[in-house]
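Geometric and topological summary
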Amino acid sequence: MFITEIMKSHKPAFSLEFFPPKSDEDTALLFRTLEDVRRLNPSFVSVTYGAGGGTRDRTLQIVEQAKSIIGLESAAHLTCVGHSRDEIKGILDDLVNSGIENVVALRGDPPRGEARFAAHPTGFRYASELTAFIRKSYPLCIAVAGYPEGHIESPSKETDWAHLEEKVKAGADIILTQLFFENAYFFEFERHMRERGISIPIIPGIMPITNFQQILRFTKICGASIPHKVAADLEEIQHEPESVQRYGIEFATKQCRDLLDHGVPGIHFYTLNKSRATREIISRLAG
Ligand code: FAD
C-alpha cells in the first residue's frame, strides 16, 4: 500500500528506518528485530541504500521479505550514486516486480574519499531528476529528503528549501526529514515550505541517542546540530551506556510529544538497526 494511503488511517504514522547489514548473521538478526517491531504496528519500515550500489541486492531482499514474509509495509531507499539511468531503471523494475510500492528517492552522498558528488555520465545529478524519472514511469509512492537545518552542501537553508520545492514539483508525495534535536528548526522549515505552497505531508526524522560518540559522528556528517545542554549532559555520562540510553529515550520522547502536539502527521525513527529505544519511545507516546 502507498504510504500516503496508510497515513489516512495511521494518525500519527510511526515509521522505522533500518540499514542492510553486511553479514548474513547480522541480516538474520535484523529479521528478528523486524519481527519484534511488527508488534508495534508501524505504518511502514524503510531500508537504506548504500553508496555505490554496494547494498543493492540486500536492500531489495530486506524490503521484499519485510513485506512478503513479515507483513510490514516497506519502502526501499534508492540513490543516484554511481548509477546510469538504465541501471536505475533496472532497480525500479525489480522493485515494482517484487510488489514494493514505496521508494525514498535520493541523490546520495559522495562515495567515501570523494569530496563532491559527481553524477554518472548518463545518470541523475539531483534527487529531483530521479523523482521526475520515477513519477513518469512507475506506480510508486515517492518520499524525498528534507533538511530542517538545510543540506550540508547548500549555501543557505533557503536555497536548499527552494530545491526541495523542485523535488515536490517533480512528483514527491511525502517529505521525510533529516534528524534534528531542536524542534524550532523543524517548525521554521515546515512553516517555510507551507508558505511556498507545499502541502504534502512532512514527517520529522528522529534519531534516539544511544551512544554519544556515534551521535557526534553522525551530526558532523549530516550537519545537524546538538544543543549545548544535551552535549554537556551526554559528555558527563558517556561512559555509562545504560544512562545514555535512558537519557536518549527521555529526550526523544519529549521531542516527539512536542512535535505531535504541534500536529505533525507522524514520526520517522532512525533506528540504526537497534529497535529497543524506538520501541520504548513509541509505547511511552501511546501511553
Ligand atoms: P538532493 O535533493 O539532490 O540535494 C543535494 C544537494 O544539491 C543539496 O545541497 C541541494 O540543495 C542541492 N540541489 C538540489 N537541486 C539542485 C539544483 N537544481 N541546482 C543546484 N543545487 C541543487 N543516503 C544514502 O546514501 N542512502 C540512503 O538510503 C539515504 N537515506 C536517507 C533518508 C533520509 C530521510 C534522509 C534525510 C537522508 C538520506 N540519505 C541517504 C542521505 C542523503 O543521500 C544525503 O543527504 C545526500 O547528500 C543528499 O541527498 P538528497 O536526496 O537530499 O539530494
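Preceding this section is the structure that the text describes.
All figures in this text were calculated on a predicted structure; none of them were measured in a lab.

Turning our eyes to something else, we now look at the pairing of strand 6 (residues 174–179). Buried residues dominate strand 6, accounting for six of its six residues. As judged from the four bridges shared by strand 5 (residues 141–146) and strand 6, these two strands associate in the parallel manner. Across the sheet, V144 pairs through a bridge with I175, a residue of strand 6. In this fold, strand 5 hands off to helix 6 (residues 157–169), which returns the chain to strand 6; that crossover is right-handed. Pairing of strand 6 with strand 7 (residues 202–206) involves three bridges; the strand directions are parallel. Residue I175 lies in a different strand from strand 7, and its bridge partner there is I202. Since strand 6 and strand 7 lie parallel, the crossover through helix 7 (residues 183–195) that links them has a hand, and here it is right-handed.

With that out of the way, let us pick up the site of the ligand. Looking at the ligand, there are 23 residues lining it, with Y49, D109, Y147, D160 and K167 nearest. Here a nitrogen atom of the ligand and a backbone polar atom of Y49 are 2.7 Å apart. Between an oxygen atom of the ligand and a side-chain N or O atom of D109, the distance comes to 2.6 Å. Of all the secondary structure elements, the ones that give two or more residues to the shell around the ligand are strand 3 (74–79), helix 6 and strand 6. Of the residues forming the shell around the ligand, the biggest block, four residues, is contributed by helix 6. Along the lines of polarity and charge, the residues of the shell around the ligand split into eight nonpolar, nine polar and six charged.

Glancing now at the pattern of salt bridges. Summed over all chains, the structure comprises 17 salt bridges. Residue E73 pairs with K67 through a salt bridge whose shortest N-O separation is 3.3 Å. By relative accessible area, which is 22% here, K67 ends up partly exposed. Each of K67, E73 and E101 takes part in a single network of salt bridges with overlapping partners.

All right, on to the packing of helix 10 (residues 241–261) against helix 11 (residues 276–286) then. Helix 11 packs onto helix 10 with a crossing angle of 45° between their chain directions and a minimal axis gap of 9 Å. Considering the angle they form, helix 10 stands oblique to helix 11. Seen along the crossing, helix 10 lies across helix 11 with a hand that is right-handed. Mapping the contact onto sequence places E242, Q245, I249, E250, A252, T253, C256, R257 and L260 in helix 10 and R276, A277, E280, I281, R284 and L285 in helix 11. Taken together, the residues that form the contact of helix 10 with helix 11 break down as seven nonpolar, two polar and six charged.

Attention now moves to the nonpolar core. L34, L92, I134 and I175 are the most contacted members of the largest nonpolar core, which totals 61 residues. Residue contacts for L92: discarding those within four places in its chain leaves L78, F133, I134, Y138 and L140. In this structure, C222, I226, V230 and Y270 belong to the second largest nonpolar core, which totals 15 residues.

Another point: the packing of aromatic side chains. Under the definition given, this model contains seven aromatic pairs. A ring pair is formed by F180 and F186, whose centres lie 5.5 Å apart and whose planes are at 15°; its orientation type is stacked. Residue F180 is classed as buried on the basis of its relative accessible area of 0%. Among the residues examined, F186 registers a relative accessible area of 0% and is labelled buried.

What follows concerns helix 2 (residues 24–38). The terminal C-alpha atoms of helix 2, which comprises 15 residues, lie 21 Å apart, in line with the 21 Å expected from a rise of 1.5 Å per residue. Buried residues of helix 2: T27, L30, F31, T33, L34 and V37, and no others. End-on view of helix 2: buried residues confined to an arc of 160°, all on one side of the axis. Of the exposed residues in helix 2, the ones pointing more than 90 degrees away from its buried face are E25 and R32. In this structure, the buried residues of helix 2 make contact with strand 1 (13–18), strand 2 (44–47) and helix 3 (56–70).

Attention now moves to the sheet that holds strand 3. With respect to topology, eight strands assemble into a closed barrel ordered 1-2-3-4-5-6-7-8, the strand pairing being parallel. The sheet shows a mean angle of 25° between the axes of neighbouring strands, taken without regard to direction. Bridge count for strand 1 against strand 2 is four bridges, and the pairing is parallel. Of the residues in strand 2, the one forming a bridge with F18 is V47. The strands touched by helix 3 are strand 2 and strand 3; relative to strand 3, the strand with the most contacts, the crossing angle is about 165°.

The rules behind each value
Residues numbered from 1 in each chain as written. Predicted model: local features only at pLDDT ≥ 70, side-chain atom pairs only at ≥ 80, totals over all residues. Heavy atoms only, no water. Buried < 20%, exposed > 50% of the residue type's maximum accessible area, 1.4 Å probe, protein only. Helix = DSSP H or I, 4+ residues; strand = E, 2+ residues; numbered from the N terminus. Pairing = 2+ DSSP bridges. Right-handed = clockwise from strand over helix to strand, strands pointing away. Near = heavy atom within 4 Å. Polar contact = N/O pair within 3.5 Å; in protein donor to acceptor, adjacent residues only side chain to side chain. Nonpolar A, V, L, I, M, F, W, Y, C, P; charged D, E, K, R; others polar. Salt bridge = Lys/Arg side-chain N within 4 Å of Asp/Glu carboxyl O. Axes fitted to C-alpha atoms, helices over the stretch in contact; angles between N-to-C directions. Parallel < 35°, antiparallel > 145°, perpendicular 65-115°, else oblique. Left-handed = near helix turned anticlockwise from the far one by under 90°. Contact = heavy atoms within 4.5 Å. Core = buried A, V, L, I, M, F, W, Y, C linked by side-chain atoms within 4.5 Å. Phe/Tyr/Trp six-rings, centres within 6.5 Å; stacked < 30°, edge-to-face > 60°. Expected span 1.5 Å × (residues − 1). Arc of directions from axis to C-beta.

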